[in-house]
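# Overview (structure and organization)
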Amino acid sequence: MKYFRTFILIALLSGICFSMARAQEHPPDTVQKSKIRLEHTDKQSFNKNINDQRQVLNGNVVFRHGGSYMYCDSAYYYEQDLSLEAFGRVRLEQGDTLFVYGDYLFYDSNIELAQMRHNVRMVNIQQDTSEVTLYTDSLDYNRRTDIGYYFEGGRIIDAENELVSVYGQYSPGTKIAVFNDSVRLTNPNFILYSDTLEYSTETKIATILGPSVIESDSGIIHSSRGWYNTQENTSLLLDRSEVLSGNRFLTGDSLEYDRATGIGKAFGDMSIRDTAQRMILTGHYGYYEEMTDYAFATDSASAIEYSQGDSLFLHADTLELITADSTSRILRAFMGVRFYRYDIQGICDSMRFNTKDSVLYMYGNPVLWNEGQQLFGDTIIIYMADSTIDHVHVPTSAFVIQEATPGYYNQLSGNDLKAYFKGKEIEHIDIDGNAESIFYPLEKDSSMVGLNYTQSSYLSIWFEEGKLGKLKIWPSPTGKMIPIPDLTPEQKTLKTFAWYEDLRPTDKYDIFRFYKPRKKPDMSNVENNESSDIEEQEGLPVKEKAGEEDVNLSEEQERQLPESGENEIEGEAFSD
């Protein structure tokens, strides 16, 4: 056993020594060098006095190295250095798929590098038999890595595109070309300008690796990262890319764009800008159609409408921008609508704005605020004039509220209401049908002594600097005055009273605040023409007709009570 172990140890040591000796003879990082074979020449000469290492070859010169053949009219052959220089009609062939032409070639077989100069042309045959041709004046082709690169300007042409750049490289094996510095890709449908671009001659996909611009008849694309399929005209663009089509700008963290259909999709922090209609849509998902000029935004969607001079900031779950004709657009908003403008604010379930006639429609439990006024009804229609509001129309179940003092509210209600504006404030209100009002007349010292209630078929009210200037009610109006100490909670408000001040957007950022949809007031009493609780109370101080007085009232209060017939009342009931 002892001798057996000794034998095994000697064998192992011998194996290690033999391996080390072999490693010294052939280091693992040393590449085996093969000799360049001279296959043919018409004339061969050698002059030691000129160069003792150089052979001069003339006429139909052919070399072979590995699987490559080199042809030329004449050559210098450095057999000891394993290199050559070729002149005149130089051609390098590798298999039946790669052909390189030029006027001069230096080839070093030690590193398998072919340096072709002057009128260089590299032709690569693709699997579909189409050709990819590279034109340049200086080309270095490394056979070991299968990469040809130029550095003084070059051009690559395939069946679809032409690409030029200052620096570029192309691999016949992978069919991948990389371009740097002043890159231009020309396609029959567009031109792509880039700083850095990768292109596959097999898939026809251009990979954008630096700041790039794609120009076509349909628009312009700006991107610094992504890809563009030049055959299918589809793209995926990243890093805040932008698609410009006409007057529309589509921007997003990432974009999908199909040039053939004109459809763009944006993801992440996206925006759609319409510079002609002065409107911006934002959200985390956007959709745009060039053919119909239709835009869509959702997921934290918002819009900025600035065609009227003063910007309107709008938020909703979903927004649509529709082209009605060449001069107008329609903005539609759905679910949880909140908007803010310095002179008006509002909430509703859905909204529509037409840029042609500058009319804004609010549907589904709408509430509108202007200065100290709150309006609501079944539908609210806002008519713009230049940069200001001309008038507001509430066609059914209209209600206007203004807080006189904490806990006391001036109120108007009726079937149909129109509020006319002067500047940014309401100047005049008309109510048509079932008009009711509550307001609190003020003494000269601004003290509030009672509630004035009126009921009539029609009502008109005028304001001066936010205060009541004149009230007109007709025909056969009725009314009553109730002193403040005698008021009950039910008498302080009309039947459909609701105060939504806590839901009011306070600025352009507050439009994103979540709120529960408001509960619509019970309108059954209005539909059945039921009167207010004030009219049903008995034993209260009432003045129903001129000359009938149940309580002693001051002269100021007397002037503010309605008379029978058509009445006009002066006062300061609706004060700020």
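The structure under discussion appears in the preceding block.
Not measured: the values here are computed from a predicted model.

## So, the overall build of the chain
- In terms of regular secondary structure, the chain is built from four helices and 41 strands.
- Split into buried and exposed, the 576 residues of the chain put 49% on the buried side.
- Pairs at least 24 residues apart make up 43% of the contacts formed inside the chain by residues separated by at least 6 positions.
- Element-wise, carbon and sulfur atoms account for 49% of the exposed surface of the chain, whose accessible area totals about 27200 Å².

## Quick word on the nonpolar core
- Membership of the largest hydrophobic core comes to 96 residues, with the highest contact counts inside it found for Met351, Ile382, Val392 and Ile429.
- The biggest single contributor to this core is strand E37 (residues 425–439), with five residues.
- With residues near it in sequence (within four places) discarded, isoleucine 382 still touches Ile344, Ser358, Val359, Leu360, Met362, Leu368, Ile389, His391 and Val392.
- In this structure, Trp369, Phe376, Ile482 and Leu487 belong to the second largest nonpolar core, which totals 20 residues.

## So, the pattern of salt bridges
- Taken as a whole and assessed by the stated rule, the structure comprises 21 salt bridges.
- For glutamate 320, the salt bridge identified is with arginine 332, shortest N-O distance 2.7 Å. Highlighted residues: glutamate 320 in strand E26 (residues 318–325) and arginine 332 in strand E27 (residues 328–340), separated in sequence by 12 residues.
- Judged by relative accessible area, glutamate 320 falls into the buried class, the value being 11%.
- According to the relative accessible area criterion, arginine 332 is partly exposed, its value standing at 30%.
- The shortest N-O distance in the salt bridge between aspartate 510 and arginine 513 comes to 2.8 Å.
- Accessibility expressed as a relative area gives 12% for aspartate 510, which makes it buried.
- Via salt bridges that share partners, Arg248, Asp274, Asp293 and Arg329 belong to a single interconnected network.

## Side note on the side chain of threonine 201
- The residue threonine 201 is located in the loop between strand E14 (190–200) and strand E15 (205–208) in this model.
- Among residues more than four places away in sequence, those in contact with threonine 201 are Gln126, Val132, Asp158, Tyr170 and Lys175.

How each quantity is defined
- Residues numbered from 1 in each chain as written.
- Predicted model: local features only at pLDDT ≥ 70, side-chain atom pairs only at ≥ 80, totals over all residues.
- Heavy atoms only, no water.
- Helix = DSSP H or I, 4+ residues; strand = E, 2+ residues; numbered from the N terminus.
- Buried < 20%, exposed > 50% of the residue type's maximum accessible area, 1.4 Å probe, protein only.
- Contact = heavy atoms within 4.5 Å.
- Areas by Shrake-Rupley, 256 points an atom, 1.4 Å probe, with all protein chains shown as cover.
- Core = buried A, V, L, I, M, F, W, Y, C linked by side-chain atoms within 4.5 Å.
- Salt bridge = Lys/Arg side-chain N within 4 Å of Asp/Glu carboxyl O.

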